[in-house]
Amino acid sequence: MRKLVVLFLLFISFGLFAQKSTLSSATTARTIPFDNGWLFIKDSTIQAEPPGYQDANWRKVDLPHDWSIEDLPNQTPEQVVGPFDRSSIGSHSTGFTVGGTGWYRKKFRTGRNEQSKLISIHFDGVYMNSDVWLNGHHLGFHPYGYTPFHYDLTPYLKPAGQDNVLAVRVRNEGKNSRWYSGSGIYRHVWLTATAPVHVAPWGVYITTPEVSDKEAKVQVQNLVTNRQASPGTFTLSTTLVAPDGKTVGRSQRTLTVQPNASATDTQNLTLTSPVLWSVDSPRLYKAVTEIKAGTRLLDRVETPFGIRSIRFSSTEGFTLNGKRVLLKGGCIHHDNGPLGAAAIDRAEERKIEILKKNGFNAIRSSHNPPSEALLDACDRLGMLVINEAFDMWLVPKNPQDYHLYFEEWWQKDMEALIRRDRNHPSVIMWSIGNEIPERADSVGLRITRQLVDAAHRLDPTRPATEAICGFWEPMNRGKQWNDTAPAFALLDVGGYNYQWQYYESDHRQHPDRVMVGSESFVREALENWSKVEKYPYVIGDFVWTAFDYMGEASIGHTVLSNQKDSPILGWPWYNGWCGDIDLIGYKKPQSYYRDVVWRQSPIALMVHQPLPEGLTEIVSKWGWPEELPSWTWPGAEGKPLQVRVFSRAPRVRLTLNGTLIGEQAIADTSITAVFEVSYQPGILRAVNVEDGKETEAIVLKTAGAPKQLRLTADRSTIKASRNDLSYVTVEVVDANGQVIPTAGLPIQFSLTGTGELAAVGNADPTDVSSVQKPRKNTFRGRALAIVRPTEKAGTITLRATAPGLPPAEIRIMTKQESTSGSGR
């Protein structure tokens, strides 16, 4: 939800919430986070909605919460290990994790201030098939696991000071996902109190129809609801606050709203010398909406937004604020690695930080709407977003997936998605679907038209797209690529999944079509990016995937030529292993290659692991060869190793311990030079050669023996908030501080102070072990511990030990949050 009011105002209205809020009868508030202090049980045999149901033995949890990442009972070696079950109904698709039925309950009381107010509860995402009750009254059912929803609690609330009981049942049953979904209330929950006259949920809609460096037109549309029994005339004001906190615009109007009805008002404001939102300078304004009856304030809502213009054309490409931007894109799934699907604010933010650091300027939320926390991070950090709605329509991809509900629910879910997200400047496109089987038949074309029309109605400022692939499904046997033309004709931007070979021929037939590589293979990064650089009608490329993710296990695998190969390798693979960035946030070999493709790095150097004599390597479509930026290969002395140098220089030179190995010319069409080097420890150096002179160089050094553990926190001071985290990397290093890529040591963690160990992890795609117990093996010399603070200021001490090495410690400070906090 959007950030709206200061934290102390948020907490103190709801007098007796289980969140242990501060009390003040003199102050009112609109929204409070409702994440902490829930009770949970995983049990499909009970009916726990009655208020008097005995839940004393249930486990206390704080949201966001994902039970599928938790250790399973009845642990059995090679069968049930940590959260992984070899007999999982989801199998490799869900990374051998399991769903089931879970229940959440929470008691709360309202205070005297709330007696005249309307109370509602807002869920940002529950996976999936949720039912919600208040005091035994069924509020509603919501099937889709990725869209937000809300309920009015007011009719069923107890009088002030008495206990109210919320119960939520979540059913993740059957085969319903092609990737790891997680289970439970895995995103935030808020409680909102408003006067009978108020801004409706998602009722503020801000657009910037005219933008230049000199002037910007800002249009603010407010949907005001009157739940009173009589009509009323109210003063509606909008105040615009610049990124520096100064008021830069104000508009005020009177609005009459009929009883039990809503009315829309549109206000237009003009700003001079606006600060524009962009990828490189993501500056945010704030619109403050106030409703008054006379001098009495009835409602106040703050909505962040960015002033920016977006345009799409086949001749100019994609332009942001009038400047062409090439979309350096990556597809991402929604999980956060060892945390599962839990959308903790800092986890979502860190994901975007890492992608920005590695050159990405755009993501595709494949194949579902993201959390609001992730979009907030994209707004703050300058990451563009293709916001995707669905992975299927009427034709199933799994027996119990969303196709069961699409016909009844698509309009509600599209409305929830777009109305929640249309104020985010980071969002530049709405995607209506991914690889839809019926995409080109008469039914699919009808649905395409309906979805595009809905997107245009709800937000005419952004284009609609769809990720379209070749016809591989049995139901489409006999269809050719040209049969996609009617579907593309209905879209504003055509999404091409793995079809870059058709860009030029399609452009000749459809010169006005704007194209984007909505998915691509990493080993075709150069081919895809060359088209983006060359043709304005190809606006970007989105690799599958930017980040490793759980589920679709092993699609990025490699095998040796004497091993059986198949698209899926099965247990113990639980990770897709196709990301540029690994599951704990570090670069994989393909990311270094992409740096050169995107001209962000002049040179990269990779060494293939030793291959048994006479064998070759088979790499899957989504995979990458088993190579590393490493010259540490104990046991391979004297054996030939393949060395690849990636560069855009005309020539590269390779030396080992000062001796020339060779020099090669590099074609623009490959950017790769391949050498064979007999391994001996030392220093491997690659250097670009231009006009006979050495320029940029890169060096790999052989690591020594393990000497110590090194702990590094991404941030050593964090907020004393359950929404913050510190990611602590443990590395096995030699005497010179170099990470030892061959080190696979068991690490034991212990923690004291004002926090807890939320999860541990490594990047190994086959390490099916607990992510919650305080131990993990390093993979390629590295592991991760994720620390989550309590709500107390203080110090957290994390200690790591490994056999044969001295222990290592790190301290993390937790500080109370400032007065600006989360809300709606």
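The model shown is predicted, which means the values in this text are computed figures rather than measured ones.

### Here we look at the overall build of the chain
Counting its regular elements, the chain contains nine helices and 49 strands. A compact globule built from 824 residues would reach a C-alpha radius of gyration of about 28 Å, and the chain, at 28 Å, matches this within 12%. For the chain, the C-alpha atoms occupy an extent of roughly 90 × 60 × 55 Å along the three principal directions. For the chain, buried positions account for 61% of its 824 residues. Sequence separation of 24 or more characterises 70% of the internal contacts of the chain that already satisfy a separation of 6 or more. About 31100 Å² of surface is accessible on the chain, with carbon and sulfur atoms providing 49% of the total. Taking the average location of the 90 positive side-chain charges in the chain and that of its 87 negative ones, the two points are 5 Å from each other.

### Describing the packing of aromatic side chains
Between two aromatic rings, the relevant description is the distance of the centres plus the angle of the planes. Under the defined criterion, the tally for this structure stands at 40 aromatic pairs. With a centroid separation of 6.4 Å and an interplanar angle of 25°, the aromatic rings of Trp-393 and Phe-406 are classed as stacked. Residue Trp-393 is located in the loop between strand S25 (384-388) and helix H4 (406-421), and its partner Phe-406 is located in helix H4; the two are separated by 13 residues in the primary sequence. Assessed through its relative accessible area of 0%, Trp-393 is described here as buried. In this structure an aromatic cluster arises from ring pairing among Tyr-127, Tyr-144, Tyr-146, Phe-390, Trp-393, Tyr-402, Phe-406 and Trp-410. The ring of Tyr-727 has Arg-350 sitting right over it, with the charged end atom 3.9 Å from the ring centre. Its end group placed over the ring of Trp-598, Arg-594 keeps NZ or CZ at 5.2 Å from the ring centre.

### Observations regarding the pattern of salt bridges
A full pass over the atoms with the stated rule returns 50 salt bridges. The residue Asp-391 makes a salt bridge to Lys-397 at a minimum N-O spacing of 3.1 Å. The class for Asp-391 is buried, based on a relative accessible area of 2%. Under the relative-accessibility criterion, Lys-397 is labelled partly exposed at 23%. The residue Asp-595 makes a salt bridge to Lys-587 at a minimum N-O spacing of 2.9 Å. With a relative accessible area of 27%, Lys-587 lands in the partly exposed category. Look at the salt bridges and you will find they share partners, linking Arg-346, Glu-349, Glu-353, Arg-380 and Asp-714 into a network.

### Notes on the sheet that holds strand S19 (residues 296-305)
With respect to topology, four strands assemble into an open sheet ordered S16-S15-S18-S19, the strand pairing being antiparallel. Looking at the sheet topology across the chains shown, the edges are occupied by strand S16 (247-257) and S19. If you compare each strand with its neighbour and ignore which way they point, the axes differ by 15° on average. Of the pairings in the sheet, the one linking strand S18 (residues 285-293) to S19 comprises nine bridges and is antiparallel in character. Bridge assignment links Val-288 to a residue of S19, and that residue is Glu-302.

### A few points about the side chain of Thr-465
Structurally, the position occupied by Thr-465 is in strand S27 (residues 464-468). For Thr-465, a relative accessible area of 3% translates into the label buried. Residues in contact with Thr-465, not counting those within four places in the same chain, are Ile-386, Met-429, Trp-430, Ser-431, Ile-432, Leu-491, Val-493, Gly-494 and Gly-495.

### Quick look at the sheet that holds strand S1 (residues 31-33)
Judged by pairing direction, the sheet is antiparallel, and its four strands sit side by side in the order S1-S12-S7-S10 without closing on themselves. Each edge of the open sheet is held by one strand with a lone partner, namely S1 and strand S10 (149-152). Strand-to-strand twist across the sheet, computed as the mean angle between neighbouring axes with direction ignored, equals 20°. With six bridges connecting them, strand S7 (residues 118-123) and strand S12 (residues 189-194) associate as antiparallel partners. Residue Ser-120 lies in a different strand from S12, and its bridge partner there is Thr-192.

### Overview of helix H2 (residues 345-357)
Helix length check: H2, at 13 residues, gives a terminal C-alpha distance of 18 Å against a target of 18 Å (1.5 Å per residue), a fit within 8%. Each element contacted by the buried residues of H2 is listed here: strand S23 (327-332), strand S24 (362-365), helix H3 (372-381) and strand S43 (726-733).

### Digging into the environment of Ala-713
With respect to the helices and strands, the residue Ala-713 is situated in strand S41 (residues 708-713). When sequence neighbours within four positions are dropped, the list of residues in contact with Ala-713 reads Ser-726, Tyr-727, Val-728 and Ile-810.

### Re the environment of Val-224
For Val-224, the position within the fold is in strand S14 (residues 215-226). When its relative accessible area of 2% is taken as the criterion, Val-224 is described as buried. Residues Val-224 and Val-81, 143 residues apart in the sequence, show an inter-C-alpha distance of 52 Å. With sequence-adjacent residues up to four places away left out, Val-224 is seen in contact with Val-197, His-198, Leu-236, Leu-255, Val-257, Ala-261, Ser-262, Ala-263 and Ile-291.

### What to know about the pairing of S7
Within S7, six of the six residues are buried, which leaves it mostly tucked inside the rest of the structure. Because side chains alternate across S7, one face comprises the buried residues Leu-118, Ser-120 and His-122, and the other comprises Ile-119, Ile-121 and Phe-123, equally buried. Pairing between S7 and S10: four bridges, direction antiparallel. Bridging from a neighbouring strand, Phe-123 pairs with Phe-149 of S10.

### Section: the confidence of the model for the chain
When pLDDT is averaged along the chain, the result is 95; 96% of the residues meet or exceed 70. Segment residues 1-28 is flagged for pLDDT under 50; beyond a separation of four residues in sequence, or across chains, it makes 91 contacts in the model. Counting contacts from residues 819-823, a segment whose pLDDT is below 50, to residues more than four positions away or on other chains yields 16 contacts.

### Regarding the side chain of Thr-729
By the secondary structure assignment, Thr-729 is in strand S43. At 2.5 Å, the side chain of Thr-729 and the side chain of Tyr-586 are in polar contact. Once residues within four sequence positions are removed from consideration, Thr-729 is found in contact with Tyr-586, Arg-710, Leu-711, Thr-712, Arg-782, Ala-783 and Leu-784.

### Concerning the environment of Thr-717
Of note, Thr-717 is situated in strand S42 (residues 717-719). A sequence separation of 98 residues divides Thr-717 from Lys-815, and the C-alpha atoms of the two residues are 7.3 Å apart. When residues no more than four places from it in sequence are discounted, the contact partners of Thr-717 are Met-813 and Lys-815.

### Some points on the nonpolar core
Counting 84 residues, the largest nonpolar core has Leu-355, Ile-363, Phe-390, Tyr-402, Met-414 and Leu-451 as the members making the most contacts within it. Looking at which element gives the most residues to this core, the answer is helix H5 (residues 442-458), with seven residues.

### What about the packing of helix H8 (residues 525-534) against helix H9 (residues 589-597)?
Pairs of packed helices are described in terms of their axes, by the angle between the two and the distance that separates them. Two numbers describe how H8 lies on H9: the axes approach to 10 Å, and their chain directions differ by 25°. When the axes of H8 and H9 are compared, the pair comes out roughly parallel. Between H8 and H9 the crossing geometry is right-handed. Along the contact surface, H8 presents Ala-525, Leu-526 and Trp-529, while H9 presents Tyr-593, Arg-594 and Val-597. When its residues are assigned to classes, the contact of H8 with H9 shows five nonpolar, no polar and one charged.

### A few points about the pairing of strand S20 (residues 310-313)
Of the two faces of S20, the one holding Ile-310 and Phe-312 is buried and the one holding Arg-311 and Ser-313 is not buried anywhere. Sheet topology places S20 next to strand S21 (residues 317-320); four bridges connect them, and they run antiparallel. Paired with Ile-310 across the strands is Leu-320, a residue of S21. Where S20 folds back onto S21 in an antiparallel hairpin, the turn is made up of three residues.

### As for the packing of H4 against H5
With their axes 10 Å apart at the nearest point, H4 and H5 run at an angle of 30° to one another. By the angle class used here, H4 and H5 are roughly parallel. The crossing of H4 and H5 is right-handed. Only Ile-447, Gln-450, Leu-451, Ala-454, Ala-455 and Leu-458 of H5 make contact with H4, whose side of the interface consists of Phe-406, Trp-410, Met-414, Glu-415, Ile-418 and Arg-419. When its residues are assigned to classes, the contact of H4 with H5 shows nine nonpolar, one polar and two charged.

About the criteria used
- Every chain is numbered on its own, with residues counted from 1 as its sequence reads.
- At least 70 in pLDDT is required for a residue's local features to be given in this predicted model, at least 80 for side-chain atom pairs to be given and counted, and no such filter applies to totals for whole chains, interfaces and linings, which use all residues.
- Here the side-chain values reflect all heavy atoms present in the structure, with hydrogen atoms and water set aside.
- Only DSSP runs of H or I with at least four residues qualify as helices, and only runs of E with at least two residues qualify as strands; both kinds are numbered from the N terminus onward.
- Between the two quantities, the radius of gyration covers C-alpha atoms and the globule rule is 2.2 Å times the number of residues to the power 0.38.
- We call a residue buried when its accessible area falls under 20% of the maximum for its residue type, exposed when it is over 50%, and partly exposed in between, using a 1.4 Å probe and counting protein chains only.
- Contacts are assigned to residue pairs with any non-hydrogen atoms lying within 4.5 Å of each other.
- Throughout, the Shrake-Rupley method with a 1.4 Å probe supplies accessible areas, and for residues the shown protein chains are the sole cover considered.
- The sign given to each residue is positive for Lys and Arg and negative for Asp and Glu; His and the chain ends receive no count.
- By convention, the point assigned to a charge is CZ for Arg, NZ for Lys, CD for Glu and CG for Asp.
- Aromatic rings from Phe, Tyr and Trp, with only the six-membered ring used for Trp, were paired whenever their centres fell within 6.5 Å, and each pair was classed as stacked if the ring planes differed by under 30 degrees, edge-to-face if by over 60, and tilted otherwise.
- Whether a charge lies above a ring is judged from NZ of Lys or CZ of Arg, which has to be within 6 Å of the ring centre and within 35 degrees of the ring normal.
- By definition here, a salt bridge exists when the distance from a side-chain nitrogen of Lys or Arg to a carboxyl oxygen of Asp or Glu is within 4 Å.
- For two strands to pair, DSSP has to find at least two bridges joining them.
- Fitted lines through C-alpha atoms serve as axes, helices being fitted only where they are in contact, and the angles separating the N-to-C directions of these axes extend from 0 to 180 degrees.
- Given the number of residues in a helix, its expected span is that number minus one, multiplied by 1.5 Å.
- For every residue, the pLDDT score states the predictor's confidence, bounded by 0 at the bottom and 100 at the top.
- In protein, a polar contact means a hydrogen-donor-capable atom and an acceptor-capable atom, both N or O and within 3.5 Å, with residues adjacent in sequence counting only if both atoms are side-chain atoms; elsewhere, any N or O pair within 3.5 Å suffices.
- Here the nonpolar core consists of buried residues drawn from Ala, Val, Leu, Ile, Met, Phe, Trp, Tyr and Cys, with membership extended through side-chain atoms lying within 4.5 Å.
- For classification, angles of less than 35 degrees are called roughly parallel, those exceeding 145 degrees roughly antiparallel, those between 65 and 115 degrees roughly perpendicular, and all remaining angles oblique.
- A crossing counts as left-handed when the near helix is turned anticlockwise from the far one by less than a right angle, and as right-handed when that turn is clockwise.
- Ten residue types, Ala, Val, Leu, Ile, Met, Phe, Trp, Tyr, Cys and Pro, are classed as nonpolar, four, Asp, Glu, Lys and Arg, as charged, and the remainder, Gly among them, as polar.

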